[in-house]
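# Architecture and fold: a report
Single-letter residue listing:
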Amino acid sequence: MARDYLKDHHFEARLFQGRAIAAMAIIGALLVLLIGRLFYLQVASHDLFTTLSQNNRVKLEPVAPTRGLIYDRKGRILAENIPSFSLEVIPERVANLQETFAQLGQIVSITEDDLERFHRLRKRNRRFEPLPIRVQMNEEEVAVFAINRHRFPGIDVQAGLIRNYPQGELTAHVLGYVGRIDEDELNTIDTTDYSATRFIGKVGVEKSYEELLHGHVGSRKVETNAEGRVLRVLEQDPSSPGSNLNLNLDLDLQRAALAALEEHDGAIVAIEVKSGAVAALVSKPAYDPNLFVTGISSRDFRELQERPDRPLFNRALAGQYPPGSTIKPLLGLGALEQGVGHAAGRSFCIGYYQLEGDERKYRDWKREGHGHTDLSKAIVESCDVFFYELALEMGIDRIHTYLSRFGLGQRTGIDLAGEMSGLLPSRAWKRRDRNLPWFPGETLITGIGQGFTLTTPLQLAHAMAILANNGLRLEPRVVNTMAGPGDRERYPLETTLREPVGIVNEANWNLIKQAMVDVTHSLRGTARRIGEKAPYRIAGKTGTAQVFGIKQDEEYEAADVAYKLRDHALFIAYAPADDPKIAVAVIAEHGGSGGSVAAPIARKVMDAYFEFAAKP
């Protein structure tokens with residue numbers, strides 16, 4: 001039994017030796033792997049990892065320029081930049097976005113629109129670029145997130161500036177708004193200059209003067225920690241702020257013009273005759289441009305789009321309406337200059353006109369007629385029959401030629417995007433556009449501003465300014481001067497002068513202008529009520545634009561037709577008549593009579609101009 005307890009020293013020595021050799025082999029293999037890995041990291045991939053390490057610690061970031069401010073003519077702020085906090089996400093630093101956003105939503109409000117906007121931006125940006133998941137956070141939300149920041153690597157609060165329009169709807173159709181850069185705009189802009197900017201001018205002054213307002217991007221080299229947060233700024237090349245703009249627009253006049261429209265939708269444009277400066281430009285209804293700055297919600301945008309009164313539509317620039325009788329002074333002037341016999345003669349108005357061999361009666365607005373009528377009386381009382389005959393003798397092509405000299409049928413060249421050209425018909429146009437011949441009846445109704453003819457409120461105000469200026473054609477201008485940030489000196493922007501209207505006979509100008517004065521200051525004038533007790537003389541012309549046609553044997557009664565089918569009321573004017581300073585065009589949609597609805601609106605606008613805008 002004692003031999004069972006004796007040890008086999010030889011066996012144990014061999015066993016120990018075998019285990020030692022195996023351990024040495026494993027250690028040797030691990031050493032080889034370790035040395036190989038060190039060689040790979042320190043020698044073979046030295047440059048790569050040196051660069052990655054440097055980039056992880058030091059980053060070059062673009063610095064957004066501060067957008068230029070916009071003022072009215074008296075230096076009152078119309079567009080500014082205000083501080084704002086946003087919650088930004090670097091996608092490559094977040095392991096599970098869906099789960100993270102679910103947790104984030106428990107401490108900060110995140111809507112479906114926020115998520116949709118984030119994922120839309122994520123598709124067109126690189127993974128290392130920060131993207132906003134929430135904008136315009138309040139102070140409480142910022143504080144709550146700061147306490148929980150450690151739970152959300154790759155997400156942080158960023159302070160910045162966003163656009164604000166303190167006047168809201170009042171200046172919406174002039175200033176426009178800025179919004180997030182979309183994919184189409186990315187293809188047209190300098191992406192380097194916009195590398196730190198998410199917003200760009202979409203419409204209005206913001207769009208037309210984007211290059212001046214935006215400025216130029218800067219850069220900075222920063223040191224960051226492992227989570228990507230900036231520890232300090234090492235170097236900085238500051239950005240160049242955008243230029244500030246001073247508009248010709250007068251805020252008081254703009255407010256007065258909007259108020260003058262009262263319950264009517266429509267548009268008002270007021271242009272200073274001597275300079276082409278746009279002192280007021282109103283389109284009603286309007287919208288709050290602040291909704292668009294950081295991204296309008298789908299629900300709000302859908303509501304704006306589906307509203308029947310179309311608040312997004314700029315009626316002043318893009319609304320195309322039949323000019324009605326407002327074109328009669330221009331037509332009469334062209335006829336005088338051309339020596340059209342009817343313009344210098346008299347005719348008898350019986351309340352309608354018939355073409356030879358045609359049973360159709362082209363009616364006058366006054367069913368009993370105006371009796372003996374010459375050009376002056378035809379303008380003062382707005383006799384349609386006289387202008388039917390005048391247009392027929394003049395012919396559609398000469399009508400087209402003369403009205404085009406006052407800018408009808410073409411863009412005025414205003415420094416705002418989105419202007420429409422209207423339509424000034426001719427035989428060539430109809431053949432080209434409709435593949436149809438021109439008919440004499442179409443010439444008749446063109447003579448009273450109906451038929452195919454379409455004009456914008458801006459065109460009518462521009463034409464009025466041209467007439468007041470005896471044919472001098474200045475392109476309308478919304479922006480007056482620009483100035484660099486901190487600059488006291490303002491630099492005027494150029495006003496373009498177009499080819500003047502070729503009316504050489506001074507007597508013709510005087511006849512038409514006197515007739516327009518009599519429209520407002522004579523007993524038979526269609527806008528005589530606005531001339532009463534006026535401290536200045538007004539030259540004007542009323543107009544009524546049909547929304548739909550009526551049959552031969554029917555009479556138009558506004559009370560019997562739906563509101564949306566009632567006539568538009570128009571009025572164009574300039575004042576003072578003996579030394580013109582301001583030209584105004586008014587359209588009140590479905591307002592009915594130009595003399596009783598649109599003319600009083602224009603009087604209020606002109607009163608406000610001489611009270612507010614004309615003073616320094």
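Heads up: these notes are all about the structure in this document. None of these values were measured; they are calculated from a predicted model. (Residues numbered from 1 in each chain as written. Predicted model: local features only at pLDDT ≥ 70, side-chain atom pairs only at ≥ 80, totals over all residues. Heavy atoms only, no water.)

## Thoughts on the side chain of Thr446
Definition in use: Secondary structure elements follow DSSP: runs of H or I of four or more residues count as helices, runs of E of two or more count as strands, with numbering from the N terminus. Whether two residues are in contact is decided by their heavy atoms: any pair within 4.5 Å suffices.
Residue placement: Thr446 occurs in helix 20 (residues 440-446). Contact partners of Thr446, with chain neighbours within four places excluded, come to Ile327, Ile396, Ile399, Pro425, Trp438 and Thr453.

## Points about the environment of Ser208
We apply this condition: Partly exposed describes any residue whose relative accessible area lies between the buried limit of under 20% and the exposed limit of over 50%, with all areas from a 1.4 Å probe on protein chains only and scaled to the type maximum. By the criterion applied in these results, polar contacts are pairs of N or O atoms within 3.5 Å in which, for protein atoms, one can donate a hydrogen and the other can accept it, and in which residues neighboring in sequence qualify only through two side-chain atoms.
Inspection of the secondary structure puts Ser208 in helix 8 (residues 204-208). Ser208 gets classed as partly exposed once you look at its relative accessible area, which sits at 32%. With 208 residues separating them along the chain, Ser208 and Leu416 place their C-alpha atoms 5.7 Å apart. With near-sequence residues (within four places) excluded, Ser208 lies in contact with Asp415, Leu416 and Ala417. Among the polar contacts made by the side chain of Ser208, one reaches the main-chain amide nitrogen of Ala417 at a distance of 3.0 Å.

## Looking at the pattern of salt bridges
The test is simple: Each reported salt bridge corresponds to a side-chain nitrogen of Lys or Arg within 4 Å of a carboxyl oxygen of Asp or Glu.
All chains considered together, the criterion is met by 31 salt bridges. Where Arg67 meets Glu206, a salt bridge forms, and the shortest distance between an N and an O atom there is 3.0 Å. Placement of the pair is Arg67 in the loop between strand 1 (58-63) and strand 2 (70-71) and Glu206 in helix 8, with a sequence separation of 139 residues. Note on accessibility: Arg67 and Glu206 belong to one class, buried. Between Lys74 and Asp250 there is a salt bridge, with its nearest N and O atoms 3.3 Å apart. One end of the pair, Lys74, is in the loop between strand 2 and strand 3 (77-89); the other, Asp250, is in the loop between strand 10 (244-247) and helix 10 (251-260), with 176 residues separating them in the sequence.

## Digging into unusual backbone geometry
In this structure, the amide linkage connecting Lys284 to the following residue, Pro285, adopts the cis form with an omega of 5°. Mapped onto the elements, Pro285 comes out in the loop between strand 12 (278-284) and helix 11 (290-293). Each neighbour pair has its own omega, and for Ala575 with Pro576 the value is -15°, a cis peptide bond. Notably, Glu262 is not glycine yet its phi reads approximately 50°, a positive angle. Here Glu262 shows up in the loop between helix 10 and strand 11 (266-272). Take Glu262: its relative accessible area is 47%, and that puts it in the partly exposed class. Even without being a glycine, Arg310 presents a positive backbone phi close to 50°. Mapping Arg310 onto the fold places it in the loop between helix 12 (298-306) and helix 13 (315-318). According to the relative accessible area criterion, Arg310 is partly exposed, its value standing at 46%.

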